[in-house]
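# Examination of the molecular architecture
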Amino acid sequence: MNTQRPITTDDEHRVLKFRPRTLARPPGRREEPGGEVQQHDISREPNDLSRYERERDEPDDFRHRMLANLAALAFTVALTAIGIWLAMSIADMRKTQDCVLMGRRDCAHISTPRT
């Protein structure tokens, strides 16, 4: 069996030499297009979370926070219950559909009142 190889030339292959990264400039300094080095002012932007803190003079609304937590818990419980009901309903319909597709006649669940 004769295998054919593609014809390649040396122009198609190129080896690139990667140099490791080094810090050409110290952090916080920028070089302008004209070659001037400009110091970046990092003191304007604090890195802490002080801008998100609330003032201590404001009273803590404990009742509102608890009601919001209770509402979130009720929503989560309701969503979980709906998900469980939906999964059980889909499983029951799948069982009934499998029974019908097998050709059986007694697939429907008939509830009888107890007397």
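Residues numbered from 1 in each chain as written. Predicted model: local features only at pLDDT ≥ 70, side-chain atom pairs only at ≥ 80, totals over all residues. Heavy atoms only, no water.

A word on the confidence of the model for the chain. The predicted model of the chain has a mean per-residue pLDDT of 78, with 73% of residues at 70 or higher. Here strand 2 (residues 37-39) stands out as the element of the chain with the lowest mean pLDDT, 52, in contrast to helix 1 (residues 62-101), whose mean of 95 is the highest. (pLDDT = per-residue confidence, 0-100. Helix = DSSP H or I, 4+ residues; strand = E, 2+ residues; numbered from the N terminus.)

Another aspect to go through is the state of the cysteines. Within the structure shown, the criterion is met by one disulfide. With a sulfur-sulfur separation of 2.0 Å, C99 is cross-linked through a disulfide to C107. Taking the torsion about the sulfur-sulfur bond, which here is approximately -80 degrees, the covalent link between C99 and C107 counts as left-handed. With a relative accessible area of 15%, C107 lands in the buried category. (Disulfide = S-S within 2.5 Å. Buried < 20%, exposed > 50% of the residue type's maximum accessible area, 1.4 Å probe, protein only.)

What follows concerns helix 1. The terminal C-alpha atoms of helix 1, which comprises 40 residues, lie 58 Å apart, in line with the 58 Å expected from a rise of 1.5 Å per residue. Downstream of helix 1 by one or two residues, G103 has phi in the positive range, about 90 degrees. (Expected span 1.5 Å × (residues − 1).)

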